[in-house]
Amino acid sequence: MQKFCKYLLVSPAICGVMLFVNTATFASETSGTSEINQGQVLANPDIRATNTAQDQTMAQVTSVSQFSDVQPTDWAFQALQSLVERYGCIAGYPNSTYRGNRALTRYEFAAGLNACLDRVNELIATATGDLVNKQDLATLQKLQEDFSAELATLRGRVDAVEVRSAELEANRFSTTTKLQGEVIAVVSDVLSGNTVNGAEITDKNTTLGLRARIELVTSFTGKDTLFTRIQADNILSPNIGTPEGNLFFAGDGTTNAFIDALYYKFPLGEKTQVTVLANAAAADDITSTVNLFDGDGSFGALSTFGTRNPIYGQINGAGLAVTHEFSDKLALSLGYLSGTANDPTLNNGLFNGSYGALAQLTVKPNDRISFGLTYINSYNQPLLTGSNAATLAPLDLDGDGALDSRFSSNSYGVEASIGITDNIVLGGWAGYTNSRTLNGNRGDVDIWNYAVTLGFPDLGKQGNLAGIIAGVEPRVTSSNVPGLDRDADTSYHLEAFYQYKLTDNITITPGVIWLTSPDHNNDNDDVVIGALRTTFSF
């Protein structure tokens with residue numbers, strides 16, 4: 001027992017003296033890093049990792065002569081020689097230096113002493129009892145007395161962490177599920193414009209609306225995800241006589257809560273991901289929309305048009321999606337969603353009702369550049385934004401909000417996002433849709449849309465985002481369907497916003513949407529819509 005106690009006492013002394021020198025070097029290297037260098041390191045994480053490894057990696061030595069900066073005339077030469085050659089517990093830098101003239105704090109030294117307790121087990125296991133002498137014992141006792149306060153502080157911190165960890169373990173929401181949420185509050189108004197398509201714009205009052213989401217993210221294996229979202233959304237877009245410029249985050253105008261999104265995603269092999277989508281799925285649940293501004297209404301663009309290529313609006317509902325990554329630069333996504341999957345009535349259901357089938361090839365040559373090539377085949381799924389003609393509104397003959405003609409569509413899109421620098425991203429898309437009516441007055445409709453976007457990530461502060469969107473919302477360029485004429489003129493969609501990260505959980509986004517010649521009609525007044533979105537995340 002006496003022998004064991006001697007081991008217990010001597011080991012921290014040996015390692016403590018070792019760390020007295022080694023930790024000093026580490027402390028000096030850390031404090032010598034300037035804020036300018038830190039900024040450069042953040043912008044180049046690979047450089048950070050390399051520098052850290054070079055500066056802090058130490059190599060074990062067996063002789064004090066291996067240190068190029070230690071001389072026999074140094075006052076601590078004999079002590080260092082004893083620690084290296086007698087105890088074998090000194091490490092140096094890869095360039096064969098020791099850097100002994102470095103300062104360290106008492107807390108750093110105390111942490112080193114505390115860490116040296118690991119050496120006790122090693123010495124006991126190797127039974128090196130002959131290493132213990134009275135001088136070592138006296139040195140250790142003095143060190144323990146000098147640093148008793150610091151050691152007590154460290155023990156207290158460790159105990160507090162253990163207590164906190166146990167409390168979190170006992171009170172966490174679930175062992176498999178993470179609870180997260182979000183609330184967006186939107187103030188909006190029509191700032192300019194009086195008449196569209198011969199009718200006065202009456203929705204010109206300032207409004208305040210809210211969208212609240214509670215999300216449950218569950219994983220059973222660590223690689224799969226069961227996502228459940230409950231949502232209530234009473235935000236309304238102003239009625240300006242055309243679907244153009246509508247707000248992406250607008251809801252049904254009520255505070256009724258319902259399951260908005262529900263899907264289960266799991267891997268099938270190393271490179272294939274399968275997603276089963278049970279409700280309210282959209283294109284961004286299947287593939288990347290290749291747009292910096294697609295924040296699903298919570299962040300980024302304010303309008304439906306600015307959020308993603310409008311052709312993506314033709315696929316939603318419940319179904320199945322598969323994404324296969326051929327490499328880290330090339331992926332293929334396939335998806336099928338039905339808008340009437342739960343309806344067993346005639347001409348509905350999973351396969352007989354409205355649907356959208358998507359295929360997209362996403363190419364990502366590097367971290368800054370992405371391209372998407374998209375094809376969507378759909379049935380009875382109109383576009384969600386654009387002119388009245390482009391959304392096929394004239395086919396709603398009785399005005400009940402449902403189209404009276406069945407139709408199928410084939411849409412083709414190309415999307416791009418190019419990071420010119422870390423703080424400038426150029427993007428855009430083009431989309432073409434051909435819709436064919438299948439009953440009544442049959443015919444074909446050609447619809448085009450395109451946009452150019454310019455983003456400024458981290459403008460003014462890390463986490464901020466400024467954006468500009470300029471383009472043409474879906475426009476009918478030709479039609480031979482009776483009662484559905486082509487759009488004679490061209491309306492331009494101009495949108496700008498500035499997303500400011502107030503805190504880690506609060507973001508404020510003011511923005512404006514300017515529509516020239518709304519509904520692609522030069523006789524209409526230009527319309528300007530203003531919105532202020534505040535996003536709370538938790």
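The notes below deal with the structure included here. For every chain, the first residue of its written sequence is number 1, and the numbers climb from 1 along that sequence. It should be noted that, the model being predicted, local features are given only for residues of pLDDT at least 70 and side-chain atom pairs only at 80 or more, the latter also being counted only at that level, while totals for whole chains, interfaces and linings use all residues. Note that water and hydrogens are dropped before the side-chain values are worked out from all heavy atoms of the structure.

**A word on the overall build of the chain**
Move 1: Helix and strand labels come from DSSP, where a helix needs a run of H or I of at least four residues and a strand needs a run of E of at least two; each type is numbered from the N terminus. Scanning the chain from N- to C-terminus turns up 10 helices and 22 strands.
Move 2: Using a 1.4 Å probe, the Shrake-Rupley method yields the accessible areas, and only the shown protein chains count as cover for residues. Accessible area for the chain stands at about 27500 Å²; split by element, carbon and sulfur atoms hold 56% of it.

**Things to note about unusual backbone geometry**
Leaving glycine aside, a negative phi is the common case for residues, and trans is the common case for peptide bonds.
Move 1: Even without being glycine, S517 reaches a positive phi, approximately 45 degrees.
Move 2: Looking at where S517 falls in the secondary structure, it is placed in the loop between β21 (506-516) and β22 (527-537).
Move 3: On the accessibility criterion, S517 (11% relative accessible area) is buried.
Move 4: Here H520, not a glycine, exhibits a phi torsion of approximately 55 degrees, which is positive. Whether a residue is buried, partly exposed or exposed follows from its accessible area with a 1.4 Å probe, protein chains only, as a fraction of its type maximum: under 20%, in between, or over 50%, in that order.

**Structural notes on the side chain of T437**
Move 1: Relative to the assigned elements, T437 resides in strand β17 (residues 424-437).
Move 2: Distance and chemistry together define a polar contact, namely a pair of N or O atoms within 3.5 Å, with one atom able to donate a hydrogen and the other to accept it when in protein, and with adjacent residues in sequence counting only for side-chain atoms on both sides. From its side chain, T437 meets the backbone oxygen of N441 in a polar contact 2.9 Å long.
Move 3: For T437, the side chain forms a polar contact with the main-chain nitrogen of G443, separated by 2.8 Å.
Move 4: Throughout, a residue-residue contact means that at least one pair of heavy atoms, one from each residue, lies within 4.5 Å. With residues near it in sequence (within four places) discarded, T437 still touches L395, R406, F407, R442, G443 and V481.

**Details of the pattern of salt bridges**
Here the idea is simple: oppositely charged side chains can pair when their charged atoms come close.
Move 1: Salt bridges, as used here, are contacts in which a Lys or Arg side-chain nitrogen is within 4 Å of a carboxyl oxygen on Asp or Glu. Enumeration over the complete set of coordinates arrives at 12 salt bridges.
Move 2: For R211, the salt bridge goes to E182, with nearest N and O atoms at 3.2 Å. Highlighted residues: R211 in strand β6 (residues 207-218) and E182 in strand β3 (residues 177-192), separated in sequence by 29 residues. The burial state of R211 is the same as that of E182; both residues are buried.
Move 3: Put simply, R308 and D296 hold a salt bridge, and the shortest N to O gap is 4.0 Å. Taken together, the residues R308 in the loop between α9 (304-307) and β12 (317-327) and D296 in the loop between β10 (294-295) and β11 (299-300) connect sequence positions 12 residues apart. An identical accessibility class is assigned to R308 and D296; each is buried.
Move 4: The structure contains a network of salt bridges with shared partners spanning R213, E215, R229, D260, D284, D294, D296 and R308.

**Focus on the environment of T254**
Move 1: Take T254: it is sitting in the loop between β7 (225-233) and β8 (258-267).
Move 2: Distance from T254 to A232, taken between C-alpha atoms, is 7.3 Å for residues 22 residues apart in sequence.
Move 3: In this structure T254 touches D233 and N234, once residues within four positions along its chain are discounted.
Move 4: For T254, the side chain forms a polar contact with the main-chain nitrogen of N256, separated by 3.3 Å.

**Quick word on the pairing of β6**
Move 1: At least two bridges found by DSSP between two strands is the condition for calling them paired. With 12 bridges joining them, β3 and β6 adopt antiparallel strand pairing. Looking at the pairing, A185 lines up with L210 of β6.
Move 2: Pairing analysis gives 8 bridges linking β6 to β7, with the strands arranged antiparallel. By the bridge assignment for β7, I214 is matched with I230.
Move 3: Counted along the chain from β6 to the antiparallel partner β7, the turn is 6 residues long, and its residue G222 has a positive phi close to 90 degrees.

**Describing the pairing of β8**
Move 1: As judged from the 7 bridges shared by β7 and β8, these two strands associate in the antiparallel manner. Looking at β8, one finds that Q231 is bridged to F258.
Move 2: As judged from the 6 bridges shared by β8 and strand β9 (residues 272-281), these two strands associate in the antiparallel manner. Pairing of L262 across the sheet is with N279, part of β9.
Move 3: Taking the residues between adjacent antiparallel strands as the criterion, β8 and β9 are bridged by 4 residues, where G269 takes a positive phi near 85 degrees.

**Here's the deal with a nonpolar patch on the surface**
Move 1: Each patch is built from residues lacking any salt bridge and having more than 30% relative accessible area; the joining distance is 9 Å for like charges and 5 Å for nonpolar side chains (Val, Leu, Ile, Met, Phe, Trp, Tyr). Together, F173, L179, I214, I230, I259 and F538 line one region of the surface with nonpolar side chains, adding up to about 580 Å² of accessible area.
Move 2: Turning to its location among the elements, L179 is positioned in strand β3.

**A closer look at the nonpolar core**
Move 1: Put simply, buried Ala, Val, Leu, Ile, Met, Phe, Trp, Tyr and Cys residues joined by side-chain atoms within 4.5 Å make one nonpolar core. I240, F249, I513 and V527 are the most contacted members of the largest nonpolar core, which totals 15 residues.
Move 2: Of all the secondary structure elements, the ones that give two or more residues to this core are β3, β21 and β22.
Move 3: What V527 contacts, discounting residues up to four positions off in sequence, is V190, S192, G193, V196, I201, I240, I513, W514, L515 and P518.
Move 4: With 14 residues, the next largest nonpolar core counts Y263, A281, A283 and I286 among its residues.

**Some remarks on helix α7 (residues 134-146)**
Move 1: What a helix should span is 1.5 Å times the count of its residues minus one. For α7, with 13 residues, the first-to-last C-alpha span of 18 Å sits near the 18 Å given by 1.5 Å per residue.
Move 2: Buried residues of α7: D136, L140 and L143, and no others. Along the axis of α7, the buried positions cluster into a sector of 65 degrees, meaning they face one direction only. More than 90 degrees from the buried face of α7, the exposed residues found are K134, Q135, K142 and E145. Arc, as used here, means the arc of the directions from the helix axis to the C-beta atoms.

**Regarding the environment of D69**
Move 1: Summarising the element assignment, D69 is placed in the loop between β1 (59-60) and α4 (77-87).
Move 2: On the basis of relative accessibility, which here comes to 33%, the residue D69 falls in the partly exposed class.
Move 3: Sequence separation between D69 and S96 is 27 residues; the distance between their C-alpha atoms is 8.0 Å.
Move 4: Contacts of D69, omitting those with residues within four sequence positions, involve D74, S96, T97, Y98 and R99.

**Digging into the side chain of T391**
Move 1: As for its position among the elements, T391 is in the loop between β15 (369-379) and β16 (407-421).
Move 2: Looking at T391, the relative accessible area reads 11%, which means it is buried.
Move 3: A polar contact of 3.1 Å, which involves the side chain of T391, links it to the backbone oxygen of N388.
Move 4: Beyond its immediate chain neighbours, meaning those up to four positions away, T391 contacts P243, P382, L383, L384, T385 and G386.

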